[in-house]
Amino acid sequence: MEIWINPACSKCRGALTLLDAEGASYTVRRYLEDVPSEDEIREVLGRLGLEPWDITRTQEAAAQELGIKEWARDAGSRERWIAALAAHPKLIQRPIITADDGTAVVARTDEAVRDALKR
């Protein structure tokens, strides 16, 4: 499994602590440094079963500068959202765990991290 993290994020640190406590084998991706491509974002969205606006941090300064809250949330706007996430990775919700079974979870709670461990 892989976990996308921002080391400055308390939820990310908490998820790593829980993964370590459970003895999980995982790879860390610091996604602000190793920025996911648009294709990788599409793949993770498919694994999550979510749309890009579902994993966008709309309170970030970059989101406000882009006026993202006003963007349409429909199929025609999907690629615009994905391009914004790739260009501004800080907008990506975190942490995201890609599980071994091909699924993924936004692991902001201990329950979500444990759910990923069961997959």
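Structure: above.
Quantities reported herein were computed from a predicted structural model and do not represent experimental measurements. (Residues numbered from 1 in each chain as written. Predicted model: local features only at pLDDT ≥ 70, side-chain atom pairs only at ≥ 80, totals over all residues. Heavy atoms only, no water.)

1. Observations concerning the overall build of the protein
Working step 1: Each helix and strand counted, the protein has five helices and four strands in total.
Working step 2: Radius of gyration (C-alpha) of the protein: 14 Å, near the 14 Å computed for a compact globule of 119 residues.
Working step 3: Principal-axis analysis of the C-alpha atoms gives the protein an extent of 40 × 25 × 25 Å.
Working step 4: When burial is assessed residue by residue, the protein has 43% of its 119 residues classed as buried.
Working step 5: In the protein, 62% of the contacts between residues at least 6 apart in sequence involve partners at least 24 apart.
Working step 6: Accessible area of the protein: about 6100 Å², with a carbon and sulfur share of 44%.
Working step 7: Of the side chains in the protein, 17 bear a positive and 21 a negative charge, and the two mean positions are spaced by 5 Å. (Helix = DSSP H or I, 4+ residues; strand = E, 2+ residues; numbered from the N terminus. Rg over C-alpha atoms; globule rule 2.2 N^0.38 Å. Buried < 20%, exposed > 50% of the residue type's maximum accessible area, 1.4 Å probe, protein only. Contact = heavy atoms within 4.5 Å. Areas by Shrake-Rupley, 256 points an atom, 1.4 Å probe, with all protein chains shown as cover. Lys, Arg positive; Asp, Glu negative; His and termini not counted. Charge placed at Lys NZ, Arg CZ, Asp CG, Glu CD.)

2. Concerning the sheet that holds strand 3 (residues 96–98)
Working step 1: In space, the four strands of this open sheet follow the order 2-1-3-4, with mixed pairing throughout. Of all strands in the sheet, those with a lone pairing partner are strand 2 (27–30) and strand 4 (104–106), marking the two edges. Strand-to-strand, the axes of this sheet are offset by a mean angle of 20 degrees, without reference to chain direction.
Working step 2: Across three bridges, strand 1 (residues 2–5) lies against strand 3 in antiparallel orientation. Note that in strand 3 the partner of Glu2 across the bridge is Thr98.
Working step 3: Here helix 1 (residues 10–21) sits on the sheet in contact with strand 1, strand 2 and strand 3, set at roughly 155 degrees to strand 1. (Pairing = 2+ DSSP bridges. Axes fitted to C-alpha atoms, helices over the stretch in contact; angles between N-to-C directions.)

3. Some details on the environment of Leu117
Working step 1: Mapping Leu117 onto the fold places it in helix 5 (residues 110–118).
Working step 2: For Leu117 and Arg57, which are 60 residues apart along the polypeptide, the C-alpha to C-alpha distance reads 25 Å.
Working step 3: Sequence-distant contacts of Leu117, that is, excluding residues within four places in its chain, are made with Met1, Leu19, Glu22 and Ala24.

4. Comments concerning the environment of Glu43
Working step 1: Tracing the sequence through the fold places Glu43 in helix 2 (residues 38–48).
Working step 2: As a C-alpha pair, Glu43 and Thr103 span 60 residues in sequence and 10.0 Å in three-dimensional space.

5. Some details on the side chain of Gln93
Working step 1: Structurally, Gln93 can be placed in the loop between helix 4 (78–87) and strand 3.
Working step 2: Under the relative-accessibility criterion, Gln93 is labelled buried at 16%.
Working step 3: In terms of polar contacts, Gln93 uses its side chain to reach the side chain of Arg57, at 3.1 Å.
Working step 4: Leave out the neighbours within four places in its chain, and Gln93 touches Ile55, Arg57, Val106 and Arg108. (Polar contact = N/O pair within 3.5 Å; in protein donor to acceptor, adjacent residues only side chain to side chain.)

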